[in-house]
Amino acid sequence: MKRVALFFGSFNPIHNGHIHIAHEVLNQKKADEVQFVLSPQNPFKDSAELWPENHRWEMLTLALAQTPGMSANAVELELPKPSYTATTLKKLVSDNPSTQYILLLGADSAASLPAWKHATYLSDFSLLIYPRTGSSTASFPKEQVLNEVPMQAISATAIRTTSDMDLRKAWLPAPVLTYIQEHRLLSDI
């Protein structure tokens, strides 16, 4: 049975920190593949700050085009909004019954999992937890935590708010930065 880690996010935009985490999942053989699931509207986030989903989808596919074992998954773009992880998983399991899905979550998201819609259903899935600033992985079983994954000092918010082009170049895959420039998604570049 193929093991697929699902990395959910708004990816506003996708950055090297996201890709680093996925590389660690594959390097540590915690999954056979990592699928990045673009969430068009996260019920816990302000959608006013989100770039249009078509731009986020294009950047996601550009960033992952040359990364073996990683792919973009558009399932939530086809489902009603807002996006609920349980609804997405039900669709994926129905469409791919021979795939084992694993939820790849930051420690902050994993800690809030009991408050998510249909949390009981979500508890049927294996978890992979990566560290996040301000959140501890200590309360999770050791086998659920990605080993020795250094925290990345990168955030999509910082990318959108900084005017430091050197930081953006360090934080973003080159095709994503080019896309942002070509489509003038940030006013200062």
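Look up a bit, the structure's there.
Right, let's walk through the structure included here. (Residues numbered from 1 in each chain as written. Predicted model: local features only at pLDDT ≥ 70, side-chain atom pairs only at ≥ 80, totals over all residues. Heavy atoms only, no water.)

### Brief notes about the packing of helix α2 (residues 53-64) against helix α8 (residues 174-182)
So, point 1. As a packed pair, α2 and α8 sit with axes 8 Å apart at the nearest point and diverge in direction by 150 degrees. With respect to their mutual orientation, α2 and α8 come out roughly antiparallel. In this structure, α2 meets α8 at a crossing whose hand is right-handed. Contacts between α2 and α8 involve N54, H55, E58, M59, L62 and A63 from the former and P175, V176, Y179 and I180 from the latter.
So, point 2. Broken down by class, the residue content of the contact of α2 with α8 amounts to seven nonpolar, two polar and one charged. (Axes fitted to C-alpha atoms, helices over the stretch in contact; angles between N-to-C directions. Helix = DSSP H or I, 4+ residues; strand = E, 2+ residues; numbered from the N terminus. Parallel < 35°, antiparallel > 145°, perpendicular 65-115°, else oblique. Left-handed = near helix turned anticlockwise from the far one by under 90°. Contact = heavy atoms within 4.5 Å. Nonpolar A, V, L, I, M, F, W, Y, C, P; charged D, E, K, R; others polar.)

### Observations regarding helix α3 (residues 85-95)
Because each turn of an α-helix spans 3.6 residues, side chains separated by three or four positions in sequence point in the same direction.
So, point 1. Burial in α3 covers these residues: T85, A86, T88, L89 and L92. Projected down its long axis, α3 shows its buried positions confined to an angular sector of 155 degrees, all on one face.
So, point 2. At its buried positions, α3 is contacted by β1 (2-9), β2 (33-38), β3 (70-73), β4 (99-106) and α5 (119-122). (Buried < 20%, exposed > 50% of the residue type's maximum accessible area, 1.4 Å probe, protein only. Arc of directions from axis to C-beta.)

### Structural notes on the environment of P131
So, point 1. Within the secondary structure, P131 sits in the loop between β5 (126-130) and α6 (156-161).
So, point 2. Between the alpha carbons of P131 and A107 there is a distance of 5.4 Å; along the sequence they are 24 residues apart.
So, point 3. With residues up to four places along the chain from it excluded, the contact list for P131 reads T137, V149 and M151.

### Concerning the packing of aromatic side chains
The geometry of two aromatic rings is summed up by the distance between their centres and the angle between their planes.
So, point 1. Counted according to the given criterion, the structure contains five aromatic pairs.
So, point 2. When the centroid spacing of 5.8 Å and the interplanar angle of 80 degrees are considered together, the rings of F7 and F11 count as edge-to-face. Assigned by exposure class, F7 and F11 land together as buried.
So, point 3. The rings of F7, F11, F36 and Y130 are connected pair by pair, giving a single aromatic cluster. (Phe/Tyr/Trp six-rings, centres within 6.5 Å; stacked < 30°, edge-to-face > 60°.)

### Observations regarding the pattern of salt bridges
So, point 1. In the structure shown here, the tally under the stated rule is six salt bridges.
So, point 2. Where E53 meets K81, a salt bridge forms, and the shortest distance between an N and an O atom there is 3.7 Å. Of the two residues, E53 is situated in helix α2 and K81 in the loop between β3 and α3; the sequence distance between them amounts to 28 residues.
So, point 3. Residue classification places K81 among the partly exposed positions, given a relative accessible area of 41%.
So, point 4. Linking D108 and R132 is a salt bridge whose minimum nitrogen-to-oxygen distance equals 4.0 Å. Taken together, the residues span a long stretch of sequence, with D108 in helix α4 (residues 107-112) and R132 in the loop between β5 and α6 at a distance of 24 residues.
So, point 5. Given a relative accessible area of 37%, R132 falls into the partly exposed group. (Salt bridge = Lys/Arg side-chain N within 4 Å of Asp/Glu carboxyl O.)

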